[in-house]
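As a plain string of letters, each chain reads:
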Amino acid sequence: MKIARFSHLGGIAFGIIDDDALVVLKGDPMFAGFEPTGERVALSGAKLLAPVIPRSKVVAVGKNYHDHAAEMGGDAPADPLLFLKPNTSVVGPDDAIVLPPQSNQVEHEGELAIVIGKIAKNVSAANADAYVFGYTVANDVTARDLQKSDGQWARAKGFDTFCPIGPVIETEFDLDDATLETRVNGDIRQSGALTDMVHDVAKIVEYASSVWTLLPGDIILTGTPAGVGPLVNGDTVEVSISGIGTLRNTVVRP
């Protein structure tokens, strides 16, 4: 089931995508379930928004593909390498990625994002799936020059607009056959199978929940395959995950 958060006629609602329409729901399905209002809205008349706004945090995993770890000049860590992005970095489909004046090297990182569905603390890998509401597409935008100069990642990963997510949450997603592709102006930059992740979803949820209490609506970015590269003013970047959809954003420098 594909869940969208959208604006229409001045209001914001949630809906289930049904062909070319949205079946409008009475509330946020994470908390209110999937009860329809009886209204349908044409997809062509709605603007899709970030499908979730994290209540507290965006957790992210670094160097979770061997090929990306190698292109960054190291090995994949034995345990998930965690960092945080603020929830103010989140934007939605077709929103602009704004290049900050502090950086001259901003790069894309296409990723699968886990959407947490209920309070999770010290969750075992065997039970991790029970705490996952669904999955969406993300772009862990990074100011690579600042990441290198700062020696830690908070500023480089945390600018406003540096965490596009969307276009929908897929609640019944099968990772086993899914692939990720990132394109910039139509040119393929990244391509890989989600099964190539060093630490899988269950391990990531287990590890992250041993550190922080994960709240409903929190998201976890699961890492990026090789092929990260620059974004410049005027670019269009698209991250596609089979079975979920395509997240598209433009790049601007004010």
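This text goes with the structure placed above it.
Residues numbered from 1 in each chain as written. Predicted model: local features only at pLDDT ≥ 70, side-chain atom pairs only at ≥ 80, totals over all residues. Heavy atoms only, no water.

Observations concerning the pairing of strand S2 (residues 11–18)
Working step 1: The pairing of strand S1 (residues 2–8) with S2 spans six bridges and is antiparallel. Bridging across to S2, Ile 3 finds its partner in Ile 16.
Working step 2: In this sheet, strand S3 (residues 21–25) lies alongside S2 in antiparallel orientation, the contact comprising four bridges. If you follow Asp 18 over to S3, its bridge partner there is Ala 21.
Working step 3: The hairpin turn running from S2 into S3, its antiparallel successor, is two residues long, and Asp 19 in that turn takes a positive phi close to 60 degrees. (Pairing = 2+ DSSP bridges. Helix = DSSP H or I, 4+ residues; strand = E, 2+ residues; numbered from the N terminus.)

Here's the deal with the pattern of salt bridges
Oppositely charged side chains can form a pair if their charged atoms are brought close together.
Working step 1: Within the structure shown, the criterion is met by 15 salt bridges.
Working step 2: Residue Glu 35 pairs with Lys 26 through a salt bridge whose shortest N-O separation is 3.0 Å.
Working step 3: With a closest N to O distance of 3.1 Å, Asp 28 and Arg 55 form a salt bridge. One end of the pair, Asp 28, is in the loop between S3 and helix H1 (29–32); the other, Arg 55, is in the loop between strand S5 (47–48) and strand S6 (58–62), with 27 residues separating them in the sequence.
Working step 4: Through salt bridges with shared partners, a single network forms among Lys 85, Glu 107, Glu 109, Asp 140, Arg 144 and Lys 157. (Salt bridge = Lys/Arg side-chain N within 4 Å of Asp/Glu carboxyl O.)

A short note on the sheet that holds strand S9 (residues 96–98)
Working step 1: Taken in spatial order, the five strands line up as S9-S20-S19-S15-S16 in an open sheet, and their pairing is mixed. Of all the strands in the sheet, the pair left with one neighbour each is S9 and strand S16 (187–193). Between one strand axis and the next, the sheet turns by 20 degrees as a mean value, whatever way the strands run.
Working step 2: Across six bridges, strand S15 (residues 179–184) lies against S16 in antiparallel orientation. Opposite Thr 179, over in S16, you have Ala 193 as the bridge partner. (Axes fitted to C-alpha atoms, helices over the stretch in contact; angles between N-to-C directions.)

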